[in-house]
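Okay, here's what each chain looks like letter by letter:
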Amino acid sequence: MKISVVVPCYNEQESLPIFYREFCKMRETTEEFSGVEFELMFVDDGSYDSTFAVMQELAEKDNNVKYISFSRNFGKEAAIYAGLQNATGDLTAVMDVDLQDPLYLLLQMYKAVIKDGYDSAAARRVTRKGEPPIRSFFARCFYRLIAKISKIELVDGARDYRLMNRKFVNAVLSLKEYNRFSKGIFCWVGFKNKWLEFENVERRAGETKWSFWKLSVYAIDGIIAFSTVPLVLATAFGVLLCLLAFLAIMFVVLRKLIYGDPIQGWASTMCVLLTIGGVQLLCTGILGQYLAKTYMETKNRPVYIINKTNCGDR
Ligand code: UDP
Ligand code: MG
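In this text the structure is predicted, and so the values were computed from the model without any measurement. The residue count restarts for each chain, going from 1 along the sequence in the order it is written. Chain letters start at A and ligand numbers start at 1, both assigned in the order the entries are written. With pLDDT at 70 or above as the cut-off, local features in this predicted model cover only qualifying residues; side-chain atom pairs require 80 or more to be listed or tallied, and sums for whole chains, interfaces and linings still use all residues. With hydrogens and water set aside, each side-chain value is computed from the structure's full complement of heavy atoms.

## A look at the overall build of the chain
And step 1. Helix and strand counts for the chain come out as 10 helices and 8 strands.
And step 2. Radius of gyration (C-alpha) of the chain: 25 Å, far over the 20 Å computed for a compact globule of 314 residues.
And step 3. Oriented by its inertia axes, the alpha-carbon framework of the chain measures out at about 90 × 40 × 35 Å.
And step 4. The contact definition used throughout considers only heavy atoms, calling two residues in contact when any of these lie within 4.5 Å. Taking contacts inside the chain between residues at least 6 apart in sequence as the whole, the part at least 24 apart equals 82%.
And step 5. For the area figures, the Shrake-Rupley method with a 1.4 Å probe applies, and any residue is considered shielded solely by the protein chains shown. Summing over all exposed atoms, the chain offers an accessible surface of approximately 17,200 Å²; the carbon and sulfur share of this is 61%. The way it works is that DSSP assigns letters per residue, a run of H or I at least four long becomes a helix, a run of E at least two long becomes a strand, and they are numbered from the N terminus. The size measure is the radius of gyration over C-alpha atoms, and the globule rule it meets is 2.2 Å times the number of residues to the 0.38 power.

## Concerning the sheet that holds strand 5 (residues 120–125)
And step 1. We treat two strands as partners when DSSP finds at least two bridges between them. Taken in spatial order, the 8 strands make up an open sheet running 7-5-6-4-1-2-3-8, and their pairing is mixed. Among the strands making up the open sheet, the edge pair consists of strand 7 (193–198) and strand 8 (306–309). Averaged over all pairs of adjacent strands, the angle between their axes in this sheet comes to 20°, without regard to strand direction.
And step 2. In this sheet, strand 6 (residues 158–165) lies alongside strand 4 (residues 91–94) in antiparallel orientation, the contact comprising 4 bridges. Across the sheet, residue A93 finds its bridge partner in strand 6, namely L163.
And step 3. Those strands touched by helix 6 (residues 166–173) are strand 4, strand 5 and strand 6, and its axis lies near 120° from that of strand 6. Lines fitted to the C-alpha atoms define the axes, with helices restricted to the stretch that makes contact. Angles between their N-to-C directions range from 0 to 180 degrees.

## Let's talk about the layout of surface pockets
And step 1. The pocket and cavity definitions rest on a 1 Å grid over protein atoms only: a 1.4 Å probe that fits but cannot leave marks a cavity, an open set with protein on both sides within 12 Å along at least five of seven lines marks a pocket, and residues lining either have an atom within 4 Å of a point. Grid points are joined across faces, edges and corners, and a volume is the space filled by probe spheres set on the points. In this structure, the second largest pocket encloses a volume near 320 Å³.
And step 2. In this structure, the second largest pocket is lined by 14 residues; those nearest its centre are V252, R255, Q264, G265 and S268.
And step 3. The element contributing the most residues to the lining of the second largest pocket is helix 9 (residues 229–259), with 6 residues.
And step 4. Here the lining of the second largest pocket is composed, by residue class, of 6 nonpolar, 5 polar and 3 charged. Under the scheme applied here, ten amino acids are nonpolar (Ala, Val, Leu, Ile, Met, Phe, Trp, Tyr, Cys and Pro), four are charged (Asp, Glu, Lys and Arg), and all others, including Gly, are polar.

## Notes on the pairing of strand 3 (residues 65–70)
Strand residues, when the strand is regular, have side chains that alternate between the two faces of the sheet.
And step 1. Residue burial is assigned from relative accessible area. The probe radius is 1.4 Å, only protein chains are included, and a residue is buried under 20% of its type maximum, exposed over 50%, and partly exposed in between. Here strand 3 lies mainly inside the structure; 6 of its 6 residues are buried.
And step 2. Sheet analysis places strand 2 (residues 37–44) next to strand 3, joined by 5 bridges and oriented parallel. Bridging from a neighbouring strand, V43 pairs with I68 of strand 3.
And step 3. The sheet contact formed by strand 3 and strand 8 spans 3 bridges and is antiparallel. Each bridged residue has a counterpart across the sheet, and for F70 the counterpart in strand 8 is I306.

## Some details on the site of ligand 1
And step 1. Each residue is tested against the molecule or strand, and it is near if at least one of its non-hydrogen atoms lies within 4 Å. Of all residues adjacent to ligand 1, which total 17 residues, the nearest are E12, D45, Q100, T208 and K209.
And step 2. Polar contact is the term for a pair of N or O atoms within 3.5 Å; when the atoms are in protein, one must be able to donate a hydrogen and the other to accept it, and sequence-neighboring residues count only if both atoms are side-chain atoms. Residue Y10 places a main-chain N or O atom 2.9 Å away from an oxygen atom belonging to ligand 1.
And step 3. With respect to ligand 1, the side chain of D45 contributes an N or O atom lying 2.6 Å from a nitrogen atom.
And step 4. Compared with its free state, where it exposes 530 Å², ligand 1 has 91% of that area covered by protein.
And step 5. By residue class, the composition of the shell around ligand 1 is 5 nonpolar, 4 polar and 8 charged.

Remember, this is a structural readout, not a statement about activity or role.
Rendered as structure tokens:
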């Protein structure tokens, strides 16, 4: 039995050694893992600190450490994809390097997959302690919204932390899209998944790579990748405005016929103009978002480019 652990790292020179130490400790102290071979697959997502040097150092000492280093920052999704593509384990886990994904859960995941017959087991945090309240609020709104407008059932607080069997990994890899929203992809592929709950843990070292802005863009990407409802909404808006316009025209024409044509109504004209202009731009924007994503997909660019790796020399 072999377990690959994919760990995306971006500027994590402080966290990486701590992670490695804790991971080894967990592995040695867990009886159930005594006969299990581990492969640590670190993916350096174009870090500009010494993350990659730390990885190479670890790989020199430990044969089970594999690394993939990108030519630039391609994002966590790309890093996960690269890791999964190169993982050779019977089971594969994805885990953050900052120890916000509690290591003790790996055993529970392992049991769920090996003993209880689940195809994957994933972690979800039930609290968001230590996070700015405004961020938690918007995160909750996002989960509620995407549950309503897409077919996938994203669970609030779902992490990318997950253990999967080969069948599940192959299914995830069969989705070759460029705009990868892993949380959605993991749900989309189906199979039997078990959710394990835990309380939020704060980052051990380094800082989060997610600004509020980056998170917002990520949320929009997620919606666009898994739902076309915004397009339907744009159409509905259009229909509604057409109806309103029809009523307004009737009103204007009748008033003209009854009362003649005194010059007035600059204010109302401006209101109508601005509203329609705004809605039009909004809808064009929505359309543009989908078009942009389609454009990127049709280019068929690779999801990531590797600079250095030791994955070939097994
Ligand atoms: N990460 C990455 N590429 C990026 C941003 C983040 O590989 O462009 C990695 C990062 O090193 C960490 C994980 O993704 O292992 C989660 O990032 P972070 O802890 O910053 O996110 P948060 O836990 O705050 O959501
Ligand atoms: Mg984190």
